[in-house]
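Structure at a glance
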Amino acid sequence: MKSRVNLTSRQQQVLLATVRHYIATAEPVGSEALVREYDLRVSAATIRNAMGVLEKSGLLYQPHISAGRVPSDSGYRLYVDRLITLSNEQSQKAEHLLSDRLNWDEWSLEALFRGAAQILATVSGYIALITLPQQRTTFLRHVQLVAVDASRVMLIFVTDSYETQSVLMSLSPSQSDEAGLNGLLDEDLLQRELQILSNFLNEQLKGKALAELADLDWGELDRQLQQYADFLKSIFKELHRRSHSSGPTQIVVSGLAEVLRQPEFSQLQQVQTILHLLEEKQEQIIPLIFEPLDGAESQRRVSIRIGSENPLEPFRTCTLISSTYSKGAVPVGSVGVLGPTRMVYENAIPLVEVAADYLSDAIR
């Protein structure tokens, strides 16, 4: 979901105030409340007009005809991408608690991570999720791309333990067009193009940990290979995902009682589906937490999935904010918070960053 809607300065102010008011109250927001509580220096009628524009743009909606407005997932996304001001106060509190209450020297690694999850959940007020570090890092030995047909390519890769895996990569129409693959009707020509890509990948990636693949320097792509950029990104995402699905990884969960106090989780059935996923289906959550970052997320070092951006149905009323922690340059685990989309993003984002930095230091 991309926040590409063009808003005037006034519309941005109204959206900002609406999101903040709804996060604080969990009640639909009306123009009178914004006039009363925010120094917007315009009339209620002007605010209503701006809210109407925001609703037509899909950034706000009315849960009931007579109610005020509520931010949509797109509204939260625009708020997070373009309007937010991150807070240092809560992250400094978490940093102090992590350093003061946890003991690297005397605690086992699992006890340390459980303590960190408890602190993160307490400070944030949301569910904390921390994966225990992977015991072994898998390194890449060889990569080969083989054409199956005009729209599918088989990716074959060999690890340092000589384990061979393969995955079928489907090209979307846009990717195929950009890569020029749809026009390559000559099978020999197509194979030659893929061999050039295979040679490039082996030169760039041989000996790298699979978990490092999201950090490839795209500036190294020469002009001939630029047309394949989107296809290569999809390959790296798949290899990165595979690096975190080779074996069971336990997720430490803390803060269930905290988040159940939120009005969004008042329905028992909804809570039960989320609990089932957290307790019984953790393998479905791990690929979400470990997904490589791009765009604005890579600048923040966090992944932010808001509502419908979550592929897992029970999480589509939630926001999942996560970041990886590393041993040296290799990401070996992840830390995150899960809460309602009505989340205090200003606090939650830096909290996750601080926790990830702390865990990286702890396992160093």
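Above this text sits the structure in question.
Report follows, based on the coordinates. These numbers come from a predicted model, not from an experiment.

Across 8 bridges, strand β4 (residues 140-149) lies against strand β5 (residues 152-159) in antiparallel orientation. Counterpart to alanine 147 in the pairing with β5 is valine 153. Hairpin geometry of β4 and β5 is characterised by an intervening segment of 2 residues between the two adjacent antiparallel strands. Relative to strand β6 (residues 164-170), β5 runs antiparallel, the two sharing 7 bridges. Residue pairing for β6: methionine 154 is matched across the bridge by leucine 168. If you look at the hairpin formed by β5 and β6, you'll find 4 residues sitting between the two strands, and tyrosine 162 has a positive phi there, around 65°.

Position of serine 161 relative to the elements: it lies in the loop between β5 and β6. Note on serine 161: relative accessible area 42%, which makes it partly exposed. Linking serine 161 and threonine 138, residues 23 residues apart in sequence, is a C-alpha distance of 8.0 Å.

It is worth spelling out the packing of helix α5 (residues 89-101) against helix α6 (residues 109-124) at this point. Direction vectors running N to C along α5 and α6 enclose 150°, while the axes themselves pass 10 Å from each other. As summarised for this structure, α5 and α6 are arranged roughly antiparallel, according to the angle between their axes. For the pair α5 and α6, the crossing hand works out as right-handed. Counting all contacts with α5, which are made through Gln90, Ala94, Leu97, Leu98 and Arg101, the residues of α6 involved are Ala116, Ile119 and Val123. When the residues that make up the contact of α5 with α6 are grouped by side-chain class, the tally is 6 nonpolar, 1 polar and 1 charged.

Scoring rules and cut-offs
- Residues numbered from 1 in each chain as written.
- Predicted model: local features only at pLDDT ≥ 70, side-chain atom pairs only at ≥ 80, totals over all residues.
- Heavy atoms only, no water.
- Pairing = 2+ DSSP bridges.
- Helix = DSSP H or I, 4+ residues; strand = E, 2+ residues; numbered from the N terminus.
- Buried < 20%, exposed > 50% of the residue type's maximum accessible area, 1.4 Å probe, protein only.
- Axes fitted to C-alpha atoms, helices over the stretch in contact; angles between N-to-C directions.
- Parallel < 35°, antiparallel > 145°, perpendicular 65-115°, else oblique.
- Left-handed = near helix turned anticlockwise from the far one by under 90°.
- Contact = heavy atoms within 4.5 Å.
- Nonpolar A, V, L, I, M, F, W, Y, C, P; charged D, E, K, R; others polar.

Geometric values such as these leave the question of function open.
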